[in-house]
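Residue-level listing of the chains:
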Amino acid sequence: MLMKALQNKAPDVVQARMANALLLLADGLPVEDVAGLLYLEESVVAGWQKLFAKRNRRAA
């Protein structure tokens, strides 16, 4: 039941999980650790990291 909750694809849930991942990355944790802590694929965390970096470059 808990793993099913982690697989929820509702936009608000995905956004919250992305925010958690980005905060952990900002604290200096490597992608591999963040993925393991949040039960995500490394490619998902790395993709969010790249997306965030790209959006920040545009905003600057």
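Report follows, based on the coordinates. (Residues numbered from 1 in each chain as written. Predicted model: local features only at pLDDT ≥ 70, side-chain atom pairs only at ≥ 80, totals over all residues. Heavy atoms only, no water.)

### Some points on the packing of helix α2 (residues 11–26) against helix α3 (residues 31–38)
Worth spelling out the cut-off: Each axis is a line fitted through C-alpha atoms, taken for helices only over the stretch in contact, and angles between the N-to-C directions span 0 to 180 degrees. Strands are runs of DSSP state E lasting at least two residues, helices are runs of H or I lasting at least four, and both sets are numbered from the N terminus onward. Any angle that falls under 35 degrees is termed roughly parallel, while one over 145 is termed roughly antiparallel, one within 65 to 115 roughly perpendicular, and all others oblique. With the far helix as reference, a near helix turned anticlockwise by less than a right angle produces a left-handed crossing, and one turned clockwise produces a right-handed crossing. Contacts are residue-level and defined by heavy atoms, with any inter-residue pair within 4.5 Å sufficient. Here the term charged refers only to Asp, Glu, Lys and Arg, the term nonpolar to Ala, Val, Leu, Ile, Met, Phe, Trp, Tyr, Cys and Pro, and the term polar to all other amino acids, Gly among them.
In the contact formed by α2 and α3, the axes pass within 10 Å of each other and the chain directions differ by 140°. Considering the angle they form, α2 stands oblique to α3. For the pair α2 and α3, the crossing hand works out as right-handed. For the pair α2 and α3, the contacting residues are Arg-17, Asn-20, Ala-21, Leu-24 and Leu-25 in the first and Val-31, Val-34, Leu-37 and Leu-38 in the second. A class-by-class count of the residues in the contact of α2 with α3 yields 7 nonpolar, 1 polar and 1 charged.

Bear in mind that shape data such as this cannot, by itself, settle questions of function.
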